[in-house]
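This is what each chain is made of:
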Amino acid sequence: MPLRGEIPISGAKNAALKLMCASLLTDQSMHFENSPNTLRDMQSQTELLEYLGCTISHSHNAMAINARPIHTQTAPYDIVRKMRGSILVLGPLLARFGHAKVSLPGGCAIGTRPVDLHIQGLEEMGATITLEEGYINAQAPAGGLNGAKILFPKVSVGATENLMMAATLARGTTILANAAREPEIVDLGECLIKMGAKIDGLGTDTIRIEGVSSLNGAHHSIVPDRIETGTYMVAAAMTGGEILLKNARLEHLSAAAAHLTHTGVTVEQLGNDILVARTPDRRLKGIDIMTEPHPGFPTDLQAQFMAMLTLCEGAGLITETIFENRFMHVPELARMGADITVHGHSAIVRGVEKLTGAEVMATDLRASVALVLAGLVAEGETTINRIYHLERGYERIVEKLEGCGAIIKKV
Ligand code: UD1
């Protein structure tokens, strides 16, 4: 059934989790608006910051954090293992307190996902780091971290953010070269600037940070979630509907939107909203996709686009260049009738006439939402197990889809 209606877009999870960590850099209060507080990942990060001693209060989409009462710089395994985003406390704790002990993270099972780039960067800023019993033990030199010129051998969102935060309180200037350019990093940088940080080059591959001696509290409204936006764009495309995505930014989704347009979907920014529409009786055209660091096509939309391509005219080739094990949705989509062949980092998706409902299993956050999308258009009923993955990153997804006419419920 074509989905029709409006969907409010939440604040970006991948910005919010880092902004919470930025709160550790100051003893003054931070106030966030448009915060996706109901997400499980946000609750894990809250648990971690409260463990460290922060006071946190929420109401609706607002969050206030005060890190003055911090009494420990150790982030324990039991909390960190739930979510990889917790590694982002390392840079701020080390920069402000001169030492930190953070468990090696867990997170989605989409590859080995090391943190070597985070560690090497901090070492270049003068930190002494040892790995013991699953923990990263970091010690800054007397007088604090030093500014450094850091050239990342590989583009990493998390390493760019950790080092950008650490550098705000370091002595001297830090240059991050081959830095990541994701809108969430720009959002974090803009918030750090409101806190008194001196940062140039946000959104480019070279970020320059001049360290200051202390940062202050700030108010910040979190950037809209481009991955949630892209996911609902695909929902409109797959069902042949028309959805207005409220408070969303097409400029953050240029690669994904260009690909959608090639399949035969209309996408346009209308003021603060994005309208996505497809003629219901026309089949989508197959397209080729390669995931890349921003502004390339985001790996976090790869599974959703694959779900869409299962029904396209002809075939599409998907190449995943960011994570080595990010095709776990393939066998689940195959259970619903999809025709997909995986060769190493690429998958050929041959369009079929229809998908059929089945019992399937969510394996990671974005894979699970791809199964929801497939279920929306499959003939019959689809049951998705292990939806806790979904709840890590999609606020009120059942209500948002129901509001546009989907038949979906949480059981
Ligand atoms: C972030 C996002 C995630 C997204 C990813 C890529 C959050 C909480 N998560 O993850 O949703 O899929 O960016 O857009 O924001 N790598 C190393 N060594 C390191 C760090 C990374 O080899 O020290 C590798 C990773 O294994 C991966 C690649 O670099 O192959 C990119 O990872 P990175 O950009 O760091 O992803 P995350 O920040 O973990």
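Criteria and cut-off values
- Residues numbered from 1 in each chain as written.
- Predicted model: local features only at pLDDT ≥ 70, side-chain atom pairs only at ≥ 80, totals over all residues.
- Heavy atoms only, no water.
- Near = heavy atom within 4 Å.
- Polar contact = N/O pair within 3.5 Å; in protein donor to acceptor, adjacent residues only side chain to side chain.
- Areas by Shrake-Rupley, 256 points an atom, 1.4 Å probe, with all protein chains shown as cover.
- Helix = DSSP H or I, 4+ residues; strand = E, 2+ residues; numbered from the N terminus.
- Nonpolar A, V, L, I, M, F, W, Y, C, P; charged D, E, K, R; others polar.
- Domains from an automatic or database assignment.
- Axes fitted to C-alpha atoms, helices over the stretch in contact; angles between N-to-C directions.
- Parallel < 35°, antiparallel > 145°, perpendicular 65-115°, else oblique.
- Contact = heavy atoms within 4.5 Å.
- Buried area = accessible area lost by both parts, 1.4 Å probe.
- Salt bridge = Lys/Arg side-chain N within 4 Å of Asp/Glu carboxyl O.
- Phe/Tyr/Trp six-rings, centres within 6.5 Å; stacked < 30°, edge-to-face > 60°.
- Lys NZ or Arg CZ within 6 Å of the ring centre and 35° of its normal.
- Pairing = 2+ DSSP bridges.
- Core = buried A, V, L, I, M, F, W, Y, C linked by side-chain atoms within 4.5 Å.
- Buried < 20%, exposed > 50% of the residue type's maximum accessible area, 1.4 Å probe, protein only.
- 1 Å grid on protein atoms, 1.4 Å probe; cavity = no way out; pocket = protein on both sides within 12 Å on 5 of 7 lines; lining within 4 Å.
- Points joined across faces, edges and corners; volume = space filled by probe spheres on them.

Novice: So what's going on with the site of the ligand? Which residues, and what values?
Specialist: What surrounds the ligand is a group of 19 residues, the closest being Lys18, Asp116, Ser156, Asp300 and Ile322. One of the side-chain N or O atoms of Arg84 is found 2.7 Å from an oxygen atom in the ligand. Asp300 is positioned such that a nitrogen or oxygen atom in its side chain is 2.6 Å from an oxygen atom of the ligand. Alone, the ligand offers 740 Å² of accessible surface; in the complex the protein occludes 89% of this. Taken together, the elements giving at least two residues each to the shell around the ligand come down to helix H1 (13–22), helix H5 (116–124) and helix H6 (157–168). Broken down by element, the residue count for the shell around the ligand peaks at 3 residues, all from H5. Here the residues of the shell around the ligand sort into 7 nonpolar, 5 polar and 7 charged. Residue contributions to the shell around the ligand reach at least three from each of two domains, namely domain 1 (10–221) and domain 2 (224–402).

Novice: Give a description of the packing of H6 against helix H7 (residues 183–194) that names residues and reports values.
Specialist: Two elements in contact, H6 and H7, have axes separated by 10 Å at closest approach and are oriented at 10 degrees. On the basis of their axis angle, the class for H6 and H7 is roughly parallel. Listed contacts from H7 to Val157, Thr160, Glu161, Met164, Met165 and Thr168 of H6 are Glu184, Ile185, Leu188, Gly189 and Leu192. Partitioned by chemical class, the residues of the contact of H6 with H7 number 6 nonpolar, 3 polar and 2 charged.

Novice: Requested: an account of the domain arrangement of the protein, with residues and values cited.
Specialist: The domain boundaries assigned to the protein delineate domain 1 (10–221) and domain 2 (224–402). Summarising the inter-unit geometry, the C-alpha centres of domain 1 and domain 2 are found 30 Å apart. Counting residues at the interface gives 24 residues for domain 1 and 25 residues for domain 2. Both faces combined, the contact of domain 1 with domain 2 buries some 2,200 Å², and carbon together with sulfur accounts for 48% of it. Seen at the junction of domain 1 and domain 2, the total is 3 salt bridges. Note that Arg40 is salt-bridged to Glu391, the shortest N-O span being 3.3 Å.

Novice: Please set out the packing of aromatic side chains residue by residue, giving values where relevant.
Specialist: In total, this model carries 1 aromatic pair according to the counting rule given. The residue whose ring lies beneath Lys101 is Tyr135, and the NZ or CZ to ring-centre distance is 4.9 Å.

Novice: Break down the pairing of strand S20 (residues 346–350) for me, citing the residues and quoting the values.
Specialist: Inspection of the sheet shows strand S18 (residues 315–319) paired to S20 by 5 bridges, in the antiparallel sense. Paired with Leu317 across the strands is Ile348, a residue of S20. Two strands pair when backbone bridges link them, and strand S19 (residues 339–343) and S20 are joined in this way by 5 bridges, in the antiparallel orientation. Paired with Ile340 across the bridge in S20 is Val349. Counting the residues in the hairpin turn of S19 and S20 gives 2 residues, including Gly344, whose phi is positive at 60 degrees.

Novice: Hey, could you go over the nonpolar core for me, with residue numbers and the actual values?
Specialist: Residues Met125 and Leu192 are the most contacted members of the largest nonpolar core, which totals 75 residues. When residues no more than four places from it in sequence are discounted, the contact partners of Met125 are Pro141, Leu145, Asn146, Ala148, Ile150, Leu163, Ala166, Ala167, Ala170 and Thr174. Core analysis: the second largest hydrophobic core is formed by 67 residues, Val234, Ala237, Leu355 and Leu365 among them.

Novice: Go over the side chain of Glu184 with me, naming the residues and quoting the values.
Specialist: Mapped onto the elements, Glu184 comes out in helix H7. At 2.7 Å, the side chain of Glu184 and the side chain of Arg226 are in polar contact. Contacts of Glu184, omitting those with residues within four sequence positions, involve Ala12, Asn14, Ala15, Glu161 and Arg226.

Novice: Now, about the environment of Ile222: what can you tell me, with residues and values included?
Specialist: Looking at where Ile222 falls in the secondary structure, it is placed in the loop between strand S13 (218–221) and helix H8 (226–239). Distance in space between the C-alpha atoms of Ile222 and Lys13 is 9.0 Å, their sequence separation being 209 residues. If we skip the residues at most four places from it in the chain, Ile222 touches Gly11, Ala12, Ala15, Ala16, Leu19, Phe32, Glu33, Asn34, Ser35, Pro36 and Asp187.

Novice: Quick rundown of the layout of surface pockets? Include the residues and the values.
Specialist: Space inside the second largest pocket adds up to approximately 900 Å³. Together, 31 residues line the second largest pocket, and Thr382, Ile407, Ile408, Lys409 and Lys410 are the ones closest to its centre. Of all elements in the fold, only helix H12 (365–377), strand S22 (383–385), helix H13 (388–393) and helix H14 (397–402) reach the threshold of two or more residues within the lining of the second largest pocket. In the lining of the second largest pocket, the residues fall into 17 nonpolar, 7 polar and 7 charged.

Novice: Account for the sheet that holds strand S12 (residues 206–210), naming residues and giving values.
Specialist: With mixed pairing, the 4 strands of this open sheet are ordered in space as S9-S10-S12-S11. Two strands bound the open sheet, and with one partner strand each, they are strand S9 (149–151) and strand S11 (198–200). Adjacent strand axes in the sheet meet at a mean angle of 15 degrees, parallel and antiparallel pairs treated alike. Where S11 lies against S12, 3 bridges are found, and the strand directions are antiparallel. When the bridges of S12 are listed, Asp200 appears paired with Arg208.

Novice: Can you explain empty space enclosed by the protein? Please cite residues and give values.
Specialist: In the structure shown here, the tally under the stated rule is 1 cavity of 30 Å³ or more. If you add up the space inside the largest cavity, you get close to 40 Å³. In terms of lining residues, the largest cavity is bounded by Arg226, His252, Leu253, Ser254, Ala255, Ala256, His294, Pro295, Gly296 and Pro298. Looking at the lining of the largest cavity, the element that brings in the most residues is helix H9 (residues 254–263), giving 3 residues. Classifying every residue of the lining of the largest cavity gives 5 nonpolar, 4 polar and 1 charged.

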